[in-house]
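Overview (structure and organization)
Residue strings, one per chain:
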There are 2 protein chains.
Amino acid sequence: MSRDVILITGGTGFAGSHLVEVLLASGETQIHVTCQSGRGGFVSQLLPADQIHELDLINFETTANLIKRLQPNQIYHLAATAAVGSSFNQTRKILENHLELQLSLLEAVRQFAPKSRILAIGSALEYDTTPTSPHLVIDETHPLGPVSPYAVSKAIQSLLATSYVKTHRLDVVLARPFNHIGERQGLGFVVSDFAAQIVKIERGLQTEIRVGNLLAERDFTDVKDMVGAYQLLMHRGITGEVYNLGSGRAHSVQNILNWLKASALAPVVVVPDPLKFRPLDINSIIADNDKVCALGWQPTEDIKPTVERILAWWRTQKI
Amino acid sequence: MSRDVILITGGTGFAGSHLVEVLLASGETQIHVTCQSGRGGFVSQLLPADQIHELDLINFETTANLIKRLQPNQIYHLAATAAVGSSFNQTRKILENHLELQLSLLEAVRQFAPKSRILAIGSALEYDTTPTSPHLVIDETHPLGPVSPYAVSKAIQSLLATSYVKTHRLDVVLARPFNHIGERQGLGFVVSDFAAQIVKIERGLQTEIRVGNLLAERDFTDVKDMVGAYQLLMHRGITGEVYNLGSGRAHSVQNILNWLKASALAPVVVVPDPLKFRPLDINSIIADNDKVCALGWQPTEDIKPTVERILAWWRTQKI
């Protein structure tokens, strides 16, 4: 039986809930999660209530007390504030929140569990994706150049985590996930948005699906592969190193829509929505995943069954 | 007569005061400076009182009101919090302060003077200087990898400024100065520290000079050349681009000490102080300055007269 004590910050969110499932399937029992509010949603069906800790990581005292008490040796650090809106107040809030929660966690670990390994989840959005070419393959040496406040805040978290490795010798490994998809992902992400709209059409609640740039190609990974990579990095990642996590294959949004249409139980009318087109979109963004694959990661090649699974999941939901 | 309205944030500090001198010598009259407290020190001898604005840039309202009223077309953004101490509270404070003041200025300009050009002063410390080789020549494509909280906070400011160029099309040029030295630089910087100690020896106030790693080589630039580069970048820099500012030559700390000893009016006994040795020091850090030199910058080749000038200045000071 594993003697690992595992803490997952943001463990009741989309990726977090899949990570809990994977860790349970691996035989882990000491899995603790933090969530900012609520009772844990789906994860409350997986873990006992005393392993679900409601707290705001921004609060250093409560964060430090939890780390001190649990003495985790593995921390999957997934917690992030959803990026809502683009007003100055929202910009300021997401930057402050992500800076503060990162500082709070790093400092709590430094003071009370300095041997714990932290897997810090960043984002592919930290990279510079200014369109220099229509197709962009990004490896870990690609320069940083975040655009949105959310992306800037994730880059800030990376820089801060790396500085704690150098200054305080904390054992942090950095992951930069590209797009990942699966059941329980919220609206606002393209595959969930499409699937939810198709279910509404099937239920007669709407007649058409509104879409943005269908030519855009993104590197979509099944969330189950993604959290598998998290687990791999926790065990085999090198301290202070960054690992891109993505399938290494681009899929056009058009393809995903086609698969969903083919599985739909009602005719689907597609309507372009100019509001959903973003001027900065570049055609294709792909992860160079050589570094994580060299550690033994093998993501599923075919994303079509994942897309169909997502549609099936939305059919079980009230929307 | 120039019709430029110039605002220098942090304009009463070390580099700021030299920049005011250079701009006055260039015939500029509409030079405004901000300072966080005090009456402007040396700069109060150069500018009328109504061009010295005491305010905390972190306060968005007062910052926005100043930008709205002055309508500057050139903003030299030098303001920075001195990095004092390394406790967690200091770490948190410098990160928060530098994030907040950057956001506040960028947002004030976006809202009230969106055509203004901003020269954002970063730091060579934003770069990764993890010792991979004893000699490190850094160009603008070198990866970021700040170590100290101060350095992380400067990298945060760069990322944020660049995101405002991409998202809001602000006209920001980014400077990354390497070490620069001159009169009016505070203690805590090696040349000032040495010169001040030698003046104390000359005055019979101490008998020896305590030193750290004399073999370390750094790229020292005369502050007058440095602020000349600021002025050049304001006029010729390309929006969104980063420019390294450094002489492109390394000088050993030993050399600087030798020049000062040779100019000293009393015998100087040198004593190594283990507390001043930093384990992460690498031998030599040099700016690749091709990019700014291509715009016409030519820093003075010989730094020895600068060092002698600094000693002469300390002799005029009460210490």
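1. Here we look at the domain arrangement of chain A
Residues and elements named next belong to chain A. According to the domain assignment, chain A consists of domain 1 (6-180 + 220-245) and domain 2 (186-218 + 249-314). Taken over C-alpha atoms, the centre of domain 1 sits 24 Å from the centre of domain 2. Each side of the interface is counted separately: domain 1 has 24 residues, and domain 2 has 21 residues. Partitioned by chemical class, the residues of the side of domain 1 that touches domain 2 number 14 nonpolar, five polar and five charged.

2. Points about the sheet that holds strand S7 (residues 171-177) of chain B
Residues and elements named next belong to chain B. The strand order across the open sheet formed by seven strands is S3-S2-S1-S4-S5-S7-S12, and the pairing between neighbours is parallel. Edge positions in the sheet fall to strand S3 (52-54) and strand S12 (242-245), since each has one partner strand and no second. Neighbour-to-neighbour, the strand axes of this sheet turn through a mean angle of 20°, independent of strand direction. Both S7 and S12 contribute to a ladder of four bridges, which runs parallel. Looking at S12, one finds that Arg-176 is bridged to Asn-244.

3. Some points on the relation of the copies chain B and chain A
Both copies of the chain are placed relative to one another by a rotation about an axis and a shift along it. When chain B is fitted to chain A, the residual RMSD is 0.0 Å, and the transformation amounts to a turn of 180° plus an axial shift of 0.0 Å. Those values place the two copies in the arrangement expected of a two-fold rotation axis. A shared binding surface is used by both copies, with 100% of the interface residues of chain B retained as interface residues in chain A.

4. A word on the interface of chain B and chain A
Opposite the 22 residues of chain B that make contact, chain A presents 22 residues. For the side of chain B that touches chain A, the secondary-structure elements that each account for two or more residues are helix H3 (88-112) and helix H4 (149-168) of chain B. For the side of chain B that touches chain A, the leading source of residues is H4(B), giving nine residues. Looking at the side of chain B that touches chain A residue by residue, the classes come out as 13 nonpolar, six polar and three charged.

What counts and what doesn't
- Residues numbered from 1 in each chain as written.
- Chains lettered and ligands numbered in written order.
- Predicted model: local features only at pLDDT ≥ 70, side-chain atom pairs only at ≥ 80, totals over all residues.
- Domains from an automatic or database assignment.
- Contact = placed C-beta atoms within 7 Å.
- Nonpolar A, V, L, I, M, F, W, Y, C, P; charged D, E, K, R; others polar.
- Pairing = 2+ DSSP bridges.
- Helix = DSSP H or I, 4+ residues; strand = E, 2+ residues; numbered from the N terminus.
- Axes fitted to C-alpha atoms, helices over the stretch in contact; angles between N-to-C directions.
- Least-squares fit on C-alpha atoms with pLDDT ≥ 70 in both.

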